Amino acid sequence: VIKDQKNTEYFSQVELDAFYEFKKKNNVKEKYICLNLWSYNHLNNNTNDFYHHKYRESDFNNFIPLINNLIKKNYSVICMGHSSNKYDQIENENLINYSKFRTDLLDLIILKNCYAYISDCTGLDYVANLFNKPMLINSSFIDFFHTHRKDIVYVLKRFYSENKERDLTFKEAIFDEKLFYKIKSQTYDFKNIRIKNNFTEDIIGAFNLLEDIIEKKEIDINKKIYSKKYWKLYRDGINTLGEDRKEKEYYLNTNIESFYSFTKLEGKKKFIDL
């Protein structure tokens, strides 16, 4: 993260014309949302085995209520990335399956001009961050998070323990199962843990929180308390890492500005106790 960095990117008029033509052809509204869901499609021609990434992919059906909610709010939704086949099941003029004809150049210009960016942790997150775009990140792992801006909202997927036969609390995930910064599926398989999608209302709630932050609406005090408790536990988790981890110094010595939304669990346990 480079603070106070001024964007010096430059697009030629020809490149900008391609963007305006894309918007006109697809009737893209001024306020549009970029949705980027991880897939294996960009790895199809790679001979390496990427099975260790199996928990990265989200169930697309879990995002359909969010997409419908965004369209109802009069946003255009531009689907980015390499998951074009996922979006075919939704027929709506306000959902643009840009992933069918994406280009690296248009990726940049589309991201730079979007209202907000939604992702389940993909490479384009770093581009959206470079352009200081408001972001909702639905993460499969307790990983390196962008925490330097208030207009970044996180929500974690659920960790289901086969041994305990229930979803884990955040404390259990960090201290009992030691899942901090573990992103390979082998770790979860060894511990008999499955990563489960969030409840759809939690995904919608996370975007509503981001929207309130963008529009500078007053945030409910309980949401602020919940977020602060999450980041307190996150920092406690950082302390469990070895002294050689350079990210430890960054997170422990930098104010965390970003928000954590809400994760509902099945059963009586709470992901984070208030």
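So, a few notes on the structure that sits alongside this text. (Residues numbered from 1 in each chain as written. Predicted model: local features only at pLDDT ≥ 70, side-chain atom pairs only at ≥ 80, totals over all residues. Heavy atoms only, no water.)

Examining the overall build of the chain
To keep it simple, the criterion reads: Only DSSP runs of H or I reaching four residues or more are called helices, and only runs of E reaching two or more are called strands; each is numbered from the N terminus. Radius of gyration here uses only the C-alpha atoms, and the compact-globule reference equals 2.2 Å multiplied by the residue count raised to the power 0.38. The buried label applies to any residue whose accessible area, calculated with a 1.4 Å probe on protein chains only, is under 20% of its type's maximum; exposed applies above 50%, and partly exposed to all values in between. Residues are treated as being in contact if the distance between any of their heavy atoms lies within 4.5 Å. Surface accessibility follows the Shrake-Rupley procedure with a 1.4 Å probe radius. Residue values consider only the protein chains on display as shielding. Counted charges follow a simple rule, with Lys and Arg positive, Asp and Glu negative, and His plus the chain ends left uncounted. Charge placement uses NZ in Lys and CZ in Arg. For Asp and Glu, CG and CD serve respectively.
Secondary structure summary: the chain contains 9 helices and 10 strands in total. Whereas a compact globule of 274 residues would reach a radius of gyration of roughly 19 Å, the chain reaches 19 Å, a difference of no more than 12%. Dimensions of the chain, computed from the C-alpha atoms along their principal axes, are close to 55 × 40 × 40 Å. For the chain, with 274 residues in total, the buried portion stands at 53%. Pairs at least 24 apart in sequence give 67% of the contacts found in the chain among residues at least 6 apart. Counting only carbon and sulfur atoms, one obtains 48% of the accessible surface of the chain, whose full area is about 14,300 Å². Charge separation in the chain, taken as the distance between the mean sites of 44 positive and 40 negative side-chain charges, equals 4 Å.

Things to note about a nonpolar patch on the surface
Test applied: Patches were defined on residues exceeding 30% relative accessible area and lacking a salt bridge, with like-charge contacts within 9 Å and nonpolar side-chain contacts (Val, Leu, Ile, Met, Phe, Trp, Tyr) within 5 Å. The term salt bridge refers to a pairing of a side-chain nitrogen on Lys or Arg with a carboxyl oxygen on Asp or Glu at a separation within 4 Å.
A grouping of Ile221, Ile225 and Leu274 is seen on the molecular surface, where their side chains present a nonpolar patch of about 300 Å² in accessible area. Counting through the fold element by element, isoleucine 221 comes out in helix H8 (residues 221-238). For isoleucine 221, a relative accessible area of 53% translates into the label exposed.

Remarks on the packing of aromatic side chains
How two aromatic rings sit relative to each other is given by the distance of their centres and the angle of their planes. Cut-off, in case you're wondering: Aromatic rings from Phe, Tyr and Trp, taking only the six-membered ring of Trp, are treated as a pair when their centres fall within 6.5 Å; an angle between ring planes under 30 degrees marks them as stacked, one over 60 as edge-to-face, and anything in between as tilted.
With the rule as written, the count across this model stands at 27 aromatic pairs. Aromatic pair tyrosine 230 and tryptophan 231: ring centres 4.8 Å apart, planes at 85 degrees, arrangement edge-to-face. In this structure, tyrosine 230 and tryptophan 231 share a single accessibility class: buried. Both rings, one in tryptophan 231 and one in tyrosine 234, keep their centres 5.2 Å apart while their planes meet at 75 degrees; by these two values the pair is edge-to-face. One end of the pair is tryptophan 231 and the other is tyrosine 234, both in helix H8 and 3 residues apart, which spans about a single turn.

A short note on H8
Our working rule: In this scheme, a helix's expected span is set at 1.5 Å multiplied by one less than its residue total. As used here, the arc is the angular range of directions from the helix axis to the C-beta atoms. What qualifies as a polar contact is a pair of N or O atoms within 3.5 Å, subject to a donor-acceptor requirement within protein and to the restriction that residues adjacent in sequence count only when both atoms come from side chains.
Spanning 18 residues, H8 covers 26 Å between terminal C-alpha atoms, matching the ideal 26 Å at 1.5 Å per step. All of the buried residues along H8 are Tyr226, Ser227, Tyr230, Trp231, Leu233, Tyr234, Gly237 and Ile238. Each buried residue of H8 sits inside an arc of 160 degrees when the element is viewed along its axis, so together they form one side. Projecting away from the buried face of H8 at angles above 90 degrees are the exposed residues Ile221, Lys228 and Lys232. The backbone nitrogen of asparagine 222 has a side-chain oxygen 2.9 Å away, supplied by the residue at the start of H8, namely aspartate 220.

A look at the environment of threonine 122
Along the chain, threonine 122 turns up in the loop between strand S4 (116-119) and helix H4 (125-130). Through-space distance from the C-alpha of threonine 122 to that of asparagine 69 is 22 Å; in sequence the pair is 53 residues apart. Here asparagine 36 takes part through its side chain, which lies 2.5 Å from a polar atom of the side chain of threonine 122.

Regarding the side chain of serine 161
Looking at the element boundaries, serine 161 is found in strand S7 (residues 158-161). By relative accessible area, serine 161 is classed as buried at 1%. Not counting residues up to four positions away in its chain, the partners in contact with serine 161 are Arg166, Leu168, Asn192 and Ile193.

Section: the environment of methionine 80
On the secondary structure map, methionine 80 appears in strand S2 (residues 76-80). Judged by its relative accessible area of 0%, methionine 80 falls in the buried class. Measuring from C-alpha to C-alpha, the distance between methionine 80 and isoleucine 96 comes to 9.0 Å, with 16 residues separating the pair along the chain. Residues within four places of methionine 80 in sequence aside, it is in contact with Cys34, Leu35, Asn36, Tyr87, Tyr98, Ser99, Asp107, Ile110, Leu111 and Leu124.

Some words on the sheet that holds S4
Sheet strands associate in pairs through backbone hydrogen bonding, adopting either a parallel or an antiparallel arrangement. To keep things clear, this is the line we draw: Think of it this way: DSSP has to see at least two bridges between two strands before they count as a pair.
The strand order across the open sheet built from 7 strands is S3-S2-S1-S4-S5-S6-S10, with neighbouring strands paired in parallel fashion. The sheet terminates laterally at strand S3 (95-96) and strand S10 (259-260), the two strands that pair on one side only. With 3 bridges joining them, S4 and strand S5 (residues 135-139) adopt parallel strand pairing. Along S5, the bridge assignment pairs serine 119 with isoleucine 137.

In short, shape yes, function no, at least from these values alone.
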